[in-house]
Amino acid sequence: MDLSFSAEDLAFQREVRSFIAENYPADIKARFDAGLEPRKEDFVRWQKILFEKGWVAPAWPKEYGGTGWTATQKYIFQEELGAANTPGIIPFGLSMVGPVIYTFATEEQKKRFLPGILSSDVWWCQGYSEPGSGSDLASLKTKAVRQGDKYIVNGSKTWTTMAQWADWIFCLVRTDSSVKQQEGISFLLFDMKSPGVTVRPIITMDGGHEVNECFFDNVEVPVENLIGQEGMGWTYAKFLLGHERSGIAAVARSKRGIAKLKQIANTEQSDGSPLIEDPDYRRKLAELEIDLTALEYTELRTLARESQGKGPGPESSILKIKGTEIQQAITELAVEAAGYYAFAYNRRAMDGANEPVVGPAATAFAAPSYFNMRKTSIYGGSNEIQKNIIAKMVLGL
Amino acid sequence: MDFNYSDEQKLLIDSVERFIQDDYDFDTRRAILKSEDGFRRDLWQKFGELGWLAVPFSEEDGGLGGTAVETMIIMECFGRGLVVEPYLSTVVLAGGLLRHGGTTGQKETVLPELMAGTLLAAVGYAEPTSRFNLADVSTTAEKAAGGYVLKGRKSVVLHGPMADKLIVSARTSGGRRDEAGITLFLVDAGAAGVSRQDYPTVDGLRASEIVLDGVSVGEGDVVGVVGEGFALLERVIDEATAAICAEAVGAMETLHKATLEYARTRVQFGQPIGRFQVIQHRLVDMYMAYEQAKSMAIMASLKLDAAPEERRRAVSAAKVQIGKSARFIGQQAVQLHGGMGMTDELNVGHYFKRLTMIETLFGNTDFHLKRYAA
Ligand SMILES: Cc1cc2nc3c(=O)[nH]c(=O)nc-3n(C[C@H](O)[C@H](O)[C@H](O)COP(=O)(O)OP(=O)(O)OC[C@H]3O[C@@H](n4cnc5c(N)ncnc54)[C@H](O)[C@@H]3O)c2cc1C
Ligand SMILES: Cc1cc2nc3c(=O)[nH]c(=O)nc-3n(C[C@H](O)[C@H](O)[C@H](O)COP(=O)(O)OP(=O)(O)OC[C@H]3O[C@@H](n4cnc5c(N)ncnc54)[C@H](O)[C@@H]3O)c2cc1C
């Protein structure tokens, strides 16, 4: 057992660090450091920079555009991106539909779709959840009926993240209602500009627009957009959810979150001294950091198992649960640090309007961020569902 | 031992509850949040006509002579409806300071209009780096001919934008953070040298950063005793803390009921999610958190007239319990509503946001734990 980095690993770390230092655009960094609402072009620009370097898809097999890195190198890469506070890689193309395509799709489909995913020229969104089918995803009702060389899609999806920016959607649809519900689901890709697709915004309680409702009214989808076999969609969907969960620990981002909390606590005053000197606050910060360390080592153990060819198991649910709890706790402590200024609703500044915020800049968006982060224990399989998975798959209950 | 409300108190509950039901539904509130003023003057006048604005004032001052229990009743009902009108600032805070410390002249000029609903007021007790310490006052009041000149800045003055009168804390002597040497002043919101930056708050209220740049006030504008404003301010903030504890109890009740109802009706995996035992236990934990909070809100209200030491401990204990319960119930209500809980459209998020800010208001859980343990 040895967790220290080799000389090659350290050289790699230096390489990544200096690449980011030289190539991370200052204007994007400024917006992300300030905690502003992210913009589509920021994500795309940064992903293109990584793409041109050949680093945008470390998890992919080399033949499809992956990096061929070891587990340690992938870990180092994530750490460095997190520490530099770069925009997160948008998962829908690169972490979700991409792996489904290179694993289950035809050669023709791979040629057609993978390049746009790698280059970030095509923005994808995930059409899984429906109003009546959230945790119970397999009950989904959006219907695709085959007519000649087309499917006719009718129904609706909801909570579709960034669908307002999406060019394409990967969608779970029901192609057969006469069989067991899991066996009647298919995996379809289609253009969001297809006639019959309507996207309506859902505003979240923090005032942001990141999720949407999508309505499909007789949308015509060519049969060549079906992935794999009809009725096998559930298998692909679960494969994808496994990929969605890995990386959800967000250890590097949380480390950066805690570092930012410390900065805030160093400047916020409490009875004439910095808040960081308040024993209660210090203790909470310490507890959080210890929780994060435990998560980091749990993730490392998971990564090590994966690198020995044992794919992400149901244990990765631990990463989802603990990772999201820590992300949420960071925002709770930011609200506590902000004191009365947590009241100020600086929404327009958060959306990028050039106007001054009320109170210190470092905590200007503390409350909306806290409200927004409640989503993390709901999406990607709620934390209750993750516990059900552990109970059933790990503990055999 | 008697936890029952009197007949008069029951009438008060009925009337406030009826108002929330008939005149303050969620869409009405949403329209108010979007409006220019951020509150409804016609509703405020109605509060005046119904006598709610006169509740805590003595009959001698033209009020109804209500106790802390009546204030608790009103605030709890307001919590159920998430009422944003400036009751806390005008009646409980400013009204409280005048009630306990105002001169006859101040009471005569301000209270009749305040009770009629034609005068609104707000109190500036916090400063940019004072955090929750009421004694941390840098704003200065320098003696001048016939009065004082105020200089400084008051931050996050809730309901500041709509206030006609302000009461602010300023230092007439002593060092920053000394309890002695703080004086409270009644200031005209439109007085020369007062400037405001108004903004919305995350929980649907309005607040102001207020700069006092050489504001002249008279001797007669001192509320309470010169240099001894701290004890008065602390008492009234304790009363206001008990009031928001009651407001939180009302909000928690609505949130728990809504979540219970949702668990009964939201079907996943072929059954209402309320059939899953984890959900049942979560709802039980929320219910217990609510009951514990309610007990403490009552306890605090009943101790507001006790000796300062006892009052302080009671209020801080209640605020700690309410802070913990509010956070738990708020977070879990969102969680159990799934994606719906995250939306601006559903009322759940709005209750959660208000409860979050109540946890901060007048000192968060850490602050009151320390104050209790001190
Ligand atoms: C910000 C955000 C972004 C999202 N992005 C996307 C996206 O891009 N694409 C997409 O397809 N979906 C997306 N989702 C949807 C997300 O996956 C669902 O919200 C989630 O699966 C929960 O479903 P639901 O909201 O219908 O809640 P429900 O399933 O109705 O759950 C309600 C509550 O019941 C609990 N519960 C349900 N079943 C059980 C059980 N068996 N045992 C115990 N507890 C249970 C849940 O944990 C939850 O607390 C997003 C959601 C959010 C909030
Ligand atoms: C100190 C002590 C004093 C006691 N005094 C009395 C007494 O005066 N009178 C009396 O009648 N009994 C008494 N009991 C017995 C007590 O009521 C039982 O221990 C209790 O009912 C649990 O039953 P069990 O031990 O068979 O555990 P089990 O019923 O086998 O339960 C084992 C575990 O599973 C959990 N569990 C079981 N069913 C469920 C469910 N449906 N949902 C969720 N969790 C579940 C339990 O909480 C427990 O953690 C006492 C027990 C102790 C330890």
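Just so it is clear, the model here is predicted, and its values are computed rather than measured. (Residues numbered from 1 in each chain as written. Chains lettered and ligands numbered in written order. Predicted model: local features only at pLDDT ≥ 70, side-chain atom pairs only at ≥ 80, totals over all residues. Heavy atoms only, no water.)

(A) Spotlight on the UniProt feature "domain: Acyl-CoA dehydrogenase/oxidase N-terminal" (unreviewed entry) in chain B. Sites flagged by UniProt as "domain: Acyl-CoA dehydrogenase/oxidase N-terminal" (unreviewed entry) map to residues 6-117 of chain B. With 69% helix and 0% strand, residues 6-117 of chain B has its two end C-alpha atoms placed 26 Å apart. (UniProt positions renumbered as here; feature names shortened; annotations may be inferred. Helix = DSSP H or I, 4+ residues; strand = E, 2+ residues; numbered from the N terminus.)

(B) View of the layout of surface pockets. Computed from the structure, the second largest pocket encloses a volume of approximately 650 Å³. Around the second largest pocket, the lining is made up of 33 residues, and of these D271(A), F132(B), N133(B), F367(B) and R371(B) lie nearest the centre. Contributions of two or more residues to the lining of the second largest pocket are made by α7 (229-265), α9 (308-336) and α11 (365-373) of chain B. Broken down by element, the residue count for the lining of the second largest pocket peaks at six residues, all from α11(B). (1 Å grid on protein atoms, 1.4 Å probe; cavity = no way out; pocket = protein on both sides within 12 Å on 5 of 7 lines; lining within 4 Å. Points joined across faces, edges and corners; volume = space filled by probe spheres on them.)

(C) Seen up close, the confidence of the model for chain B. Across chain B, the average pLDDT comes to 97, with 100% of residues at or above 70. Of the two predicted TM-score estimates for the complex, the pTM is 0.96 and the ipTM is 0.97. (pLDDT = per-residue confidence, 0-100.)

(D) Quick look at the packing of helix α5 (residues 87-101) of chain B against α7(B). Residues and elements named next belong to chain B. Where α5 meets α7, the closest approach of the two axes is 9 Å, and the angle between their N-to-C directions is 145 degrees. Where α5 crosses over α7, the handedness of that crossing is right-handed. Of the residues in α7, those in contact with L88, V92, L93, G96, L97, R99, H100 and G101 of α5 are L232, L233, R235, V236, I237, E239, A240, A243 and I244. (Axes fitted to C-alpha atoms, helices over the stretch in contact; angles between N-to-C directions. Left-handed = near helix turned anticlockwise from the far one by under 90°. Contact = heavy atoms within 4.5 Å.)

(E) Geometry of the site of ligand 1. Taken together, 30 residues lie around ligand 1, and S135(A), T161(A), S382(A), R266(B) and G339(B) are the ones closest in. With respect to ligand 1, its neighbouring residues span chains A and B. Between ligand 1 and N388(A) there is a distance of 3.0 Å, counted from a nitrogen atom to a side-chain nitrogen or oxygen. Note that an oxygen atom of ligand 1 is positioned 2.8 Å from one of the backbone N or O atoms of Q335(B). For the shell around ligand 1, the secondary structure elements donating two or more residues are α13 (383-394) of chain A together with α8 (277-302) and α9 of chain B. Per element, the largest residue contribution to the shell around ligand 1 is three residues, and it comes from α13(A). Residue composition of the shell around ligand 1, grouped by class: 14 nonpolar, 13 polar and three charged. (Near = heavy atom within 4 Å. Polar contact = N/O pair within 3.5 Å; in protein donor to acceptor, adjacent residues only side chain to side chain. Nonpolar A, V, L, I, M, F, W, Y, C, P; charged D, E, K, R; others polar.)

(F) Quick peek at the pattern of salt bridges. Residues and elements named next belong to chain B. Using the criterion set out here, one finds 62 salt bridges over all chains in the structure. The salt bridge partner of R354 is D203, with a shortest N-O separation of 2.7 Å. One end of the pair, R354, is in helix α10 (residues 347-360); the other, D203, is in the loop between β6 (194-200) and β7 (206-218), with 151 residues separating them in the sequence. Pair check on accessibility: R354 and D203 agree, each one buried. (Salt bridge = Lys/Arg side-chain N within 4 Å of Asp/Glu carboxyl O. Buried < 20%, exposed > 50% of the residue type's maximum accessible area, 1.4 Å probe, protein only.)

(G) Looking closely at the nonpolar core. One finds F78(B), Y87(B), Y125(B) and F362(B) to be the most contacted residues of the largest nonpolar core, which totals 140 residues. Of all the elements, α7(B) adds the most residues to this core, at 18 residues. Once you skip the residues sitting within four places of it in the chain, Y87(B) turns out to touch W44(B), W52(B), L53(B), V55(B), P56(B), I74(B), M75(B), F78(B) and V92(B). Core analysis: the next-biggest nonpolar cluster, separate from the first, contains 75 residues, A84(A), L114(A), V153(A) and V221(A) among them. (Core = buried A, V, L, I, M, F, W, Y, C linked by side-chain atoms within 4.5 Å.)

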